[in-house]
Amino acid sequence: MARGEWSEEEEETLLENLMSLVDAGLWQNENGWLISASFVVLETQMQASFPQGGIKKFHIESKMKYWKATCFRLQDMLQIFGFGWNENENRLAVENEVWNEFVKVNRQFRNMRDMQFPMFNRWSHCFVRFRG
């Protein structure tokens, strides 16, 4: 498997391990900076769970960069009047008129309306603290 492809089980395991670090206070220091040693811990945990997966620190950083950026985009959209969250479907809830006006200015997000984000609440738990 090319490392660009993560299985659902790998993503779930990475997110659960990350949440454990966040909950233990081992993910950021008192100034809100990411603790680089945490990536080494995550790499070790992922290699133990998936010894044949070839998951390295670089892959974890890349996956988490994508998760964080997506999480912040969704959080930003949810601050806009007319945007909401459909908990049952894990997706944005927005009327056509509001969406159409939004994507006129933000074309790069046009595909996000119909996407599901089942990890969003857990991403928010992990990444909201790093917003600055």
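Remember, it's a predicted structure, so these values are computed and weren't measured experimentally.

Undergrad: What is the right way to read the layout of surface pockets from this model?
TA: Once rolled over the atoms, a probe with the size of a water molecule shows which space is left empty. Empty space within the largest pocket amounts to approximately 230 Å³. In this structure, the largest pocket is lined by E8, E11, E12, K63, Y66, W67, M115, Q116, F117, P118, M119 and W123. Breaking the lining of the largest pocket down by element, the ones donating at least two residues are α1 (8–23) and α3 (57–78).

Undergrad: How should I be thinking about the side chain of T70 in this particular structure?
TA: Secondary-structure assignment places T70 in helix α3. In this structure the side chain of T70 is engaged in a polar contact, spanning 2.9 Å, whose partner is the backbone oxygen of Y66. Among all residues touching T70, those that are not within four sequence positions of it are M112, F117 and W123.

Undergrad: How should I be thinking about the nonpolar core in this particular structure?
TA: Most often, soluble globular proteins keep nonpolar side chains buried together rather than apart. Ranked by internal contacts, the top residues of the largest apolar core, which has 35 residues, are L18, I60, M64, W123 and F127. Listed by contribution, the elements that provide at least two residues to this core are α1, α2 (36–49), α3, β1 (83–86), β2 (91–94), α4 (96–105) and α5 (120–127). The element contributing the most residues to this core is α3, with seven residues. Contact partners of I60, with chain neighbours within four places excluded, come to W6, L14, F39, L42, E43, M46 and I55.

Undergrad: What am I meant to see in the pairing of β2 here?
TA: Along any regular strand the residues' side chains alternate between the sheet's two faces. Pairing analysis gives four bridges linking β1 to β2, with the strands arranged antiparallel. Paired with W85 across the strands is L92, a residue of β2.

Undergrad: Explain the pattern of salt bridges here, please?
TA: Pairs may arise between side chains of opposite charge once their charged atoms sit close together. One pass over the full model with this rule turns up six salt bridges. R122 is the partner of E12 in a salt bridge, and the nearest nitrogen-oxygen pair spans 2.9 Å. Taken together, the residues E12 in helix α1 and R122 in helix α5 connect sequence positions 110 residues apart. Judged by relative accessible area, which is 29%, E12 ranks as partly exposed. Between E101 and K104 there is a salt bridge whose closest N-O contact spans 3.0 Å. Within this pair, E101 and its partner K104 are both found in helix α4, separated by three residues, close to a single helical turn. Residue class for E101 comes out partly exposed when judged on its relative accessible area of 46%. Within the structure, one salt-bridge network assembled from shared partners comprises E12, E16 and R122.

Undergrad: Looking at this model, I keep getting lost on the packing of aromatic side chains. Mind explaining?
TA: Any pair of aromatic rings gets described here by the distance separating the centres and the angle formed by the planes. Applying the stated criterion across every chain yields a total of six aromatic pairs. Ring centres of F102 and F109 lie 6.1 Å apart, and the angle between their planes is 15 degrees; on these two criteria the pair is classed as stacked. For the pair F102 and F109, a shared accessibility class is recorded, and that class is buried. Three or more aromatic residues joined by ring pairs make a cluster, and in this case those are F83, W99, F102 and F109.

The rules we used
Residues numbered from 1 in each chain as written. Predicted model: local features only at pLDDT ≥ 70, side-chain atom pairs only at ≥ 80, totals over all residues. Heavy atoms only, no water. 1 Å grid on protein atoms, 1.4 Å probe; cavity = no way out; pocket = protein on both sides within 12 Å on 5 of 7 lines; lining within 4 Å. Points joined across faces, edges and corners; volume = space filled by probe spheres on them. Helix = DSSP H or I, 4+ residues; strand = E, 2+ residues; numbered from the N terminus. Polar contact = N/O pair within 3.5 Å; in protein donor to acceptor, adjacent residues only side chain to side chain. Contact = heavy atoms within 4.5 Å. Core = buried A, V, L, I, M, F, W, Y, C linked by side-chain atoms within 4.5 Å. Buried < 20%, exposed > 50% of the residue type's maximum accessible area, 1.4 Å probe, protein only. Pairing = 2+ DSSP bridges. Salt bridge = Lys/Arg side-chain N within 4 Å of Asp/Glu carboxyl O. Phe/Tyr/Trp six-rings, centres within 6.5 Å; stacked < 30°, edge-to-face > 60°.

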